[in-house]
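Tertiary structure, described
So you can see what is in the structure, the chains are spelled out below.
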Amino acid sequence: MANAVAKTHAPLGAVTILHAVDVFSHSFENVVEWYQSRKTRNELARLSDEQLDDIGLNRADIAKF
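What comes next is a walk through the structure. What you see is a predicted model; the values in this text were computed from it and never measured.

**Some details on the overall build of the protein**
Secondary structure assignment for the protein yields three helices and zero strands. Ordered by position from the N terminus, the helices and strands of the protein form the series α-α-α. Residues counted as buried form 8% of the 65 residues belonging to the protein.

**Here we look at the pattern of salt bridges**
Under the criterion given, the structure shown has three salt bridges. Arg46 is paired through a salt bridge with Glu43; the nearest N and O atoms lie 2.6 Å apart. Highlighted residues: Arg46 and Glu43, both in helix H1 (residues 14-46), separated by three residues, approximately one helical turn. By relative accessible area, Arg46 is classed as exposed at 61%. Under the relative-accessibility criterion, Glu43 is labelled partly exposed at 48%. Two residues, Asp49 and Arg59, come together in a salt bridge whose shortest N-O distance is 2.9 Å.

**With respect to a nonpolar patch on the surface**
Together, Phe24, Phe28 and Val32 line one region of the surface with nonpolar side chains, adding up to about 330 Å² of accessible area. Position of Phe24 relative to the elements: it lies in helix H1.

**Let's talk about the environment of Ile55**
In this fold, Ile55 is placed in the loop between helix H2 (49-54) and helix H3 (59-62). With relative accessibility at 52%, the residue Ile55 sits in the exposed group. Ignoring sequence-local partners within four residues, the contact set of Ile55 consists of Leu44 and Leu47.

**A word on the environment of Asn42**
The topology assignment puts Asn42 in helix H1. For Asn42, a relative accessible area of 33% puts it in the partly exposed group. In the structure, Asn42 is positioned 20 residues away from Ile62 in sequence and 8.7 Å away in space, judged by C-alpha atoms.

Reading guide: rules and limits
Starting afresh in each chain, residues are numbered from 1 along the sequence in its written order. Per-residue local features of the predicted model are confined to residues with pLDDT of at least 70, and side-chain atom pairs are confined, for both listing and counting, to 80 or more; whole-chain, interface and lining totals are unaffected and use all residues. For the side-chain quantities, the full set of heavy atoms in the structure was used; hydrogens and water were omitted. Helix and strand definitions here come from DSSP, where helices need a minimum of 4 consecutive H or I residues and strands a minimum of 2 consecutive E residues; each element is numbered from the N-terminal end. A simple rule labels every residue: compare its accessible area, found with a 1.4 Å probe on the protein chains alone, to the largest value its type can have, and call it buried under 20%, exposed over 50%, or partly exposed in between. Every case where a carboxyl oxygen of Asp or Glu lies within 4 Å of a side-chain nitrogen of Lys or Arg is listed as a salt bridge. The patch calculation keeps residues exceeding 30% relative accessible area without a salt bridge and links them within 9 Å when they carry like charges or within 5 Å when they are nonpolar (Val, Leu, Ile, Met, Phe, Trp, Tyr). The method behind every accessible area is Shrake-Rupley, applied with a 1.4 Å probe, and residues are considered shielded solely by the protein chains displayed. We call two residues in contact when some of their heavy atoms are within 4.5 Å.

The structure is reproduced here in structure tokens:
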């Protein structure tokens, strides 16, 4: 008996919904990444110049995070 391959298509609008979910998901990931970078910058800004020097950074390096 030959194997039959069923060719089915996505329901109308499914691709659009998938794209909308992808946009939301990527936007959420970007916000989380921005928030984590912001927390890192704030924590580094609280350190003294001596503490920053101990970990090999200076004030100008903080903006790169």
